[in-house]
Amino acid sequence: MSRSQCPTADKLETFATAPMQYPQISEHVASCPRCKKIVEDFRDENSVVRTLQNLSESKLKPAIQRRLVSRSRDAVFHSDQAAEDGVN
Ligand SMILES: [Zn+2]
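Our subject in this report is the structure included herewith. (Residues numbered from 1 in each chain as written. Predicted model: local features only at pLDDT ≥ 70, side-chain atom pairs only at ≥ 80, totals over all residues.)

So, on to the overall build of the chain. Helix and strand content of the chain: 4 helices and 0 strands. Element order for the chain, N to C, with α for helix and β for strand: α-α-α-α. The 88 residues of the chain split such that 9% are buried. Sequence separation of at least 24 residues holds for 53% of the intrachain contacts in the chain that already meet a minimum separation of 6. (Helix = DSSP H or I, 4+ residues; strand = E, 2+ residues; numbered from the N terminus. Buried ≥ 20, exposed ≤ 12 C-beta atoms within 10 Å, placed from the backbone. Contact = placed C-beta atoms within 7 Å.)

In structure tokens form, the structure reads like this:
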């Protein structure tokens, strides 16, 4: 992989989640500010998702968790209804 050829965004995203598996991309990113920025953006995105997951998994009280779960089930149910209404 030459320095002038940047990996695709897809590859950079995969690399951002599993850097150890892609030493070549790691080398490129180290020498390419543009790709470095893209990888950092993907990592930021992932850490936001992870923070939200941690919040819902560990920091909320069980009662609140149950309420969220039943609420999201309701949401799925209602959206199914809406879809059927739309078809009919
Ligand atoms: Zn690059």
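Attention now goes to the nonpolar core. Within the largest apolar cluster, 6 residues are counted, these being Leu12, Phe15, Ala16, Ile25, Val29 and Val39. Broken down by secondary-structure element, the contributors of at least two residues to this core are α1 (9–17) and α2 (23–31). With 3 residues, α1 is the largest single contributor of residues to this core. Non-local contacts of isoleucine 25, meaning those with residues more than four positions away in its chain, are made with Pro7, Lys11 and Phe15. (Core = buried A, V, L, I, M, F, W, Y, C linked by C-beta atoms within 7 Å.)

Right, let's get into α1. Of all the residues in α1, the buried ones are Leu12, Phe15 and Ala16. Each buried residue of α1 lies within a common arc of 100° when the element is viewed along its axis, so the set occupies one face. Every exposed residue of α1 that faces more than 90 degrees away from the buried side is listed here: Asp10 and Thr17. (Arc of directions from axis to C-beta.)

Moving on, we get to the environment of arginine 43. Examined against the element boundaries, arginine 43 turns out to sit in helix α3 (residues 33–59). Taking the number of C-beta atoms within 10 Å as the measure of exposure, arginine 43 has 14 and is therefore partly exposed. Along the chain, arginine 43 and threonine 17 lie 26 residues apart, while their C-alpha atoms are 7.4 Å from each other.

On to the environment of isoleucine 38, then. Tracing the sequence through the fold places isoleucine 38 in helix α3. Given 19 C-beta atoms within 10 Å, isoleucine 38 falls into the partly exposed group. In this view, isoleucine 38 contacts Ala9 and Leu12; residues no more than four positions away in its chain are not counted.

The values reported here are purely geometric and, on their own, carry no functional implication.
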